Each structure stands twice: as C-alpha cells, then as structure tokens.
Amino acid sequence: MTALSPAPSAFRADLRFERLLDGFEPSFEFEPVGPLPESEFVDRLRRIRREATVAGYDVTLIHADSIGSYKVSNSYLRYVCDWAREGVLVVPTDDDKPLTMFSIFSSSVLLPPAGEPVLVEDIWQVGTWGRETYNRPGKTVDKVVQAVGDFLQREGFSVAQIGLVGDATSKPYWDGLKAHLPKSAFADGSSIIDRMQKVRSPREQAVVRAAAQLADIGIQAAYHVIRPGVTDHEIYAAFTYAQMARGGETGDGYQIGINRFGTHCGKPYGHVVRNGDLINLYISAVIYQGYTAQIARMIAVGDITDKQEEVLQMCVEGVEKAAAVVRPGALVSDVANASFEPYIERGYLASADSRTMPYNWVSEDDGKPRLIPRKHVPDEDWERQGRKLMHVYPATLGPHNPNVGHSVSMQKFQNYNIQSNNHDLLEQGMTFVLHAQWLEPEVAGCNVGDCYLVTADGAENLSCHTPLAPHRVKAD
C-alpha cells in the first residue's frame, strides 16, 4: 500500500492552529438573546388548538425522528414545546387536557436544561429495542405505536379524529397507529404549523437577528485568519470557534468553497490558500436558540481576472437591487425580478423567469439527465492526498438556483422562495435571505447574500456587520 504524501511542512505548523485567532476582536458586541419565554409557546399552543378545532381534530400527534448525530428530521417539536430531540407529542384539542410526550426511543437522552420541554406534563420513556444493539427483542417503531395507541385509548381517543404532524420518517408510526386504532380517522395536519412559519414574532425576530450576528462574527474571524498558506480547514475552524463560543448550536451549517474560479457549496478538504483564489463562505445555517440565519460572502486573494471582477460586482448589485424593493406589500416576485436586472443588463441572462432560467443543477431542456463533463481538473491539494478531480462541476453556467433567496426559519420547515413565480405579498415580520449567485465552470463564480427582516416601513439587514462587497486579501 502506498503511503499518502504529507502536506508540505510549511502547511503543517500545528502550533499555529490555536494562534491564528490571536488578537481577534469582532467589530461589534454580540447581543445574546435568551430562550423564548414560555408565553411564546402558550400562544403557539393556543393557535394550534384553535386550528385543530376548526379542522375537527380531537387530538393532534406531532412527530420528529432521529436522523443520527443527535439531529432530528424536522423542527416541529422544537417549535411547539422546545424539545430538540425525537419523540411523539400528544396534543389534545381541549385546553383542559395536558400535553404528553413519548420519548426517548433512541440513544438521545434527556439532559435539561436545554432539553426540558415547555408545557409538557408527562414524558414516557419508550426505550430502545433490538437484539443486536440492546439484546432486547422487539422493534422501536412497534413499541412506540403500542405505547401511544394504548395511551390514546386510555384517554378516550380510541374512536377519534386525529391530526398528524410530521414528515416522511413519520409514516411507519402513522401506519401502525391506523392499524392500532381502526375506528379513528386520521388527517395530515402539518399545514397548521407550516402556516405559522411565514411571519416571525418580535421575540423570534430577535433570535434570528442574534443568529445573523453570530454569522457576521464568524465571517470576521475567517477574515482574520485568511492569508496565503492557511488551509480551508483552518478558515472553517476559525468561523466555527468564533460563532459557537458565543452560543451557536452547531458547526456544520455552512460551506466553504475555494479554487481559482469561485466554486461554492463545498466542505474543507485541505486546500491551501494561494494567490488568485476566490473563497466563498456560504453560511447556509448558523443556528441559535433553534433558529437559523443565512448569509454569504466572497473573498478574493491577490489578483483575479477582469471577468471574475465583473461577476462579483454583478452579484453584489443583484442583492442591492432586490433589497431596495423589500417593504410590506411588495410582491415577492418583484424582489426576485429586481435581483436579476444586473444579469440581464450585462447579457448573462435573457429573462428573470425562474422556469426558463439556466441554473447550475438543471437537467436537459427535455427533462432528461444532464451529463457532468468528464475532465481532469488539476488540484494539487487533492492530488497530494492520492485522489483526482475528474469531473467539471457544475455542468452548466448560471445562478446556483433560479431564485434570489428563500425564507429563514427553523431547520426542516418548508421554505417559500424569492423567485419570479411567487406573487405573495411581503408582510412585516418575514425573515429571508437574499443571495445572488453565478457560476461559470472554470471561469468565474460568486455567491453573496444578506439576511433580511421586513419591518413596518422597509427592511432591516440583519447581517449588516460585514460588507456585502468581496473582502480583499493581499498575496505578497
């Protein structure tokens, strides 16, 4: 077996890792926001129960499953009762009956605080099942169905109208309950909570604002360490440390892309920063108190091409044009269309129509799959590790997506998109990202964006502590 060649010694100065952030101070003071007050969850429960009454539900079941690494498949439980793990929540429609949680049925454990659900009286531990791991014969799904079904029967819901809130991982639980309670009627009630995601309350707005501040601080920390010879791992780590040290919940909600052409949406792999590199920090989710903020920034290292400068400027103008339209009562489609004006003016696009617009991951025009061009793309940092890049990503030029942004909320909730076919009106309290993107394979790329809150008379840029314009790094 051939040993992999080590990185050059200049790039293996392990002692520098903890020193890269020496002297770093953000340009502003982070304003922490505590957990949402119980009154916020009381109001949510009131609204859910009211909609359940209108829908005719006697009880509503809300489910989130484990998807590994102590993460869950949706944010429904966290939104309703601040429960960050998996489980099945039983919500009787009558307000004189308490909420009951059925968990814990995986390796997750209850460790309050941050763990104690709000407004929930009883938590039933279903347990973990399986011969190989636990030496307990049985199947977890079956045990959960049995426990929840028996509870519903004891509480008088054996013949009931039952609303179901969950996702694709919920299906085996719902199927089991339908067999367990054959005289009950079941209906999808997820839209009850989905509708509540359009407008953020004042306290939610404060949390999203804080998440955006953490993203800005992380960006500033990344700027502090970026220089020729530093690796993408070190940049990613600096961003992660700065935001998580101040209360960020995770270090895996963003991407870093580095090469000579501005490719974005990647993870660190050992790329060494060099003159001519374009770096994209795509902060797709900094999570704080369960809520996310999203922004994107570009960094130019030393000399870049005129074409690359034009693409950077075009995308910055795209965000600025879109942001200038944001106000209560404006059409979402008008915001999207404004963002693509600089593209059309420069001849990069013929139209802002999201249906006909080319974008990086589009299939062929007839709907058939598009072949990714096969070609050796030299990458000395990847090849030093014994691998080669043998395809050109993406397959075609254009923006990353045929929109200029989407809603910002809790993870796994369905987004509304800022694009030409969305003719909804903007409302005060909506939060979303506006990110203008363009990528022409092996030529130029850009992805820049800010997080916005719709205010009473316009918009607030929540990520205002780092400029939208590309950050410049000397390459002496």
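As a reminder, the structure under discussion sits directly above these lines.
Rules and cut-offs
- Every residue gets a number counted from 1 within its own chain, in the order that chain's sequence is written.
- This being a predicted model, a pLDDT of at least 70 is required before a residue's local features are given, and a value of 80 or more before pairs of side-chain atoms are given or counted; all residues contribute to the totals for chains, interfaces and linings.
- Side-chain descriptors were evaluated using all non-hydrogen atoms of the structure, hydrogens and water having been removed beforehand.
- Runs of E in the DSSP output that reach at least two residues are strands. Runs of H or I that reach at least four are helices, and both are numbered from the N terminus.
- When accessible area is computed with a 1.4 Å probe and restricted to protein chains, residues below 20% of their type maximum are described as buried, those above 50% as exposed, and intermediate ones as partly exposed.
- When checking whether two residues touch, look at their non-hydrogen atoms; a contact exists if any pair is within 4.5 Å.
- With residues, only the protein chains shown are counted as cover, and all accessible areas are computed by Shrake-Rupley using a 1.4 Å probe.
- Positive residues here are Lys and Arg, negative ones are Asp and Glu, while His and the chain termini are left out of the count.
- Here the site of a charge means atom NZ of a Lys, CZ of an Arg, CG of an Asp or CD of a Glu.
- Only strands that DSSP links by at least two bridges are regarded as paired with each other.
- Axis definition: a line fitted to C-alpha atoms, over the contacting stretch in the case of helices. Angles run 0 to 180 degrees between N-to-C directions.
- Both cavities and pockets are sets of points on a 1 Å grid over the protein atoms alone; in a cavity a 1.4 Å probe fits but cannot get out, in a pocket the set is open with protein on both sides within 12 Å along at least five of seven lines, and lining residues sit with an atom within 4 Å of a point.
- Grid points are joined across faces, edges and corners, and a volume is the space filled by probe spheres set on the points.
- Three residue categories are used. Nonpolar comprises Ala, Val, Leu, Ile, Met, Phe, Trp, Tyr, Cys and Pro, charged comprises Asp, Glu, Lys and Arg, and polar comprises the others, including Gly.
- Pairing of aromatic rings covers Phe, Tyr and the six-membered ring of Trp, with a centre-to-centre limit of 6.5 Å; geometry is then stacked below 30 degrees between planes, edge-to-face above 60, and tilted otherwise.
- We define a salt bridge as a contact between a side-chain nitrogen of Lys or Arg and a carboxyl oxygen of Asp or Glu at a distance within 4 Å.
- Each nonpolar core is a collection of buried residues, namely Ala, Val, Leu, Ile, Met, Phe, Trp, Tyr and Cys, held together in the definition by side-chain atoms within 4.5 Å.
- Angle categories: roughly parallel below 35 degrees, roughly antiparallel above 145, roughly perpendicular from 65 to 115, and oblique for all the rest.
- By definition, any crossing whose near helix is turned counterclockwise from its far helix by less than a right angle is left-handed, and any crossing with a clockwise turn is right-handed.
- Sulfur atoms of two cysteines make up a disulfide when they are within 2.5 Å.
- Think of a polar contact as two N or O atoms within 3.5 Å of one another; within protein, one of them needs to be a possible hydrogen donor and the other a possible acceptor, and neighboring residues in sequence only count if both atoms come from side chains.

(A) Seen up close, the overall build of the protein. The helix and strand inventory of the protein stands at twelve helices and 16 strands. By its C-alpha atoms, the protein is 75 × 60 × 50 Å across when sized along the principal axes. Evaluated residue by residue, the protein yields a buried proportion of 52% over its 476 residues. Counting only contacts in the protein whose residues sit at least 6 apart along the sequence, the fraction spanning at least 24 positions is 67%. Carbon and sulfur atoms make up 50% of the accessible area of the protein, which amounts to about 21,900 Å² in all. Of the charged side chains in the protein, 46 are positive and 60 negative, and the gap between their average positions amounts to 4 Å.

(B) Representation of the sheet that holds strand β3 (residues 99-102) within the structure. Strand order across the open sheet formed by six strands is β4-β3-β2-β1-β5-β6, with mixed pairing between neighbours. In this open sheet, the two strands that pair with only one neighbour each are β4 (120-124) and β6 (185-188). Averaged over all pairs of adjacent strands, the angle between their axes in this sheet comes to 25 degrees, without regard to strand direction. Strands in contact with helix α1 (residues 38-55) are β1 (59-64), β2 (87-92) and β3; relative to β2, the strand with the most contacts, it is inclined by about 70 degrees.

(C) A look at the layout of surface pockets. The computed volume of the second largest pocket comes to approximately 810 Å³. What lines the second largest pocket is a set of 31 residues, and nearest its centre among them are I258, N259, Y269, D379 and L389. When residues of the lining of the second largest pocket are traced back to their parent elements, those giving at least two are β7 (255-259), α12 (380-383) and β11 (389-391). Looking at the lining of the second largest pocket, the element that brings in the most residues is β7, giving four residues. For the lining of the second largest pocket, the residue count by class is 15 nonpolar, seven polar and nine charged.

(D) The packing of aromatic side chains, seen in detail. Counted by the stated rule, this structure contains eleven aromatic pairs. Pairing F102 with F151 gives two aromatic rings, centres 5.4 Å apart and planes at 65 degrees, and the pair type is edge-to-face. Placement of F102 in strand β3 and of F151 in helix α4 (residues 140-154) is noted, with a sequence separation of 49 residues between them. Note on accessibility: F102 and F151 belong to one class, buried.

(E) A look at the pattern of salt bridges. Counted under the stated rule, the structure contains 22 salt bridges. The partner of E51 in a salt bridge is R195, and the shortest N-O contact between them spans 2.3 Å. Linking E51 in helix α1 with R195 in the loop between α6 (190-194) and α7 (202-225), this pair joins segments that are 144 residues apart in sequence. Each of the salt bridges in this network shares a partner with another, and the network as a whole consists of R274, E380, D381 and R384.

(F) How the structure looks around the nonpolar core. Within the largest apolar cluster, 72 residues are counted, with the highest numbers of intra-cluster contacts made by I62, L89, I193, I235, I279 and I283. Ranked by the residues each element gives to this core, the list is headed by α7, at 13 residues. Within the second largest apolar cluster, 40 residues are counted, among which are V311, V326, F432 and A444.

(G) Expanded view of the packing of α4 against helix α5 (residues 171-180). Put simply, α4 and α5 touch, their axes get as near as 9 Å, and they point 45 degrees apart. Our classification of the angle between α4 and α5 gives oblique. Our pair here, α4 against α5, has a crossing hand that is right-handed. Facing V141, V144, V145, Q146, V148, G149, D150 and Q153 of α4, the residues of α5 in contact are P172, Y173, G176, L177 and H180. Considering only residue class, the contact of α4 with α5 consists of seven nonpolar, five polar and one charged.

(H) Quick look at unusual backbone geometry. A cis amide bond, omega -10 degrees, links Y393 with the succeeding residue P394. Inspection of the secondary structure assignment puts P394 in the loop between β11 and β12 (405-407). If you check the backbone angles, Y70 has positive phi at about 60 degrees while not being a glycine. Positionally, Y70 belongs in the loop between β1 and α2 (76-81).

(I) Structural view of the state of the cysteines. Throughout the structure, instances matching the rule amount to zero disulfides. Of all cysteine sulfurs in the structure, the one in C446 sits closest to C315, which takes part in no disulfide; the separation is 3.9 Å. The thiol sulfur of C464 is not disulfide-bonded, and the nearest other cysteine sulfur, from C451, lies at 11 Å. Owing to a relative accessible area of 48%, C464 belongs among the partly exposed residues under this scheme.

(J) Molecular detail of the side chain of D216. Here D216 shows up in helix α7. No salt bridge forms around the buried D216; measuring N to O, its nearest opposite-charge neighbour R297 is 4.3 Å away. Side-chain polar atoms of D216 contact the backbone nitrogen of C464, separated by 3.5 Å. Engagement of the side chain of D216 in a polar contact is seen with the backbone nitrogen of H465, the distance being 3.0 Å. Apart from the residues within four sequence positions on either side, D216 is in contact with F28, I295, R297, L462, S463, C464, H465 and T466.

(K) Geometry of helix α10 (residues 332-339). Within α10, six of the eight residues are buried, which leaves the element mostly enclosed by the surrounding structure. Taken together, the buried positions of α10 are occupied by V332, S333, V335, A336, A338 and S339. Residues of α10 that are buried in the fold lie against α9 (306-323), α11 (341-345) and β13 (431-440).

(L) Quick peek at the environment of M357. Tracing the backbone shows M357 in the loop between α11 and β10 (374-377). When the C-alpha positions of M357 and N403 are compared, they lie 9.4 Å apart, and in sequence the two are 46 residues distant.

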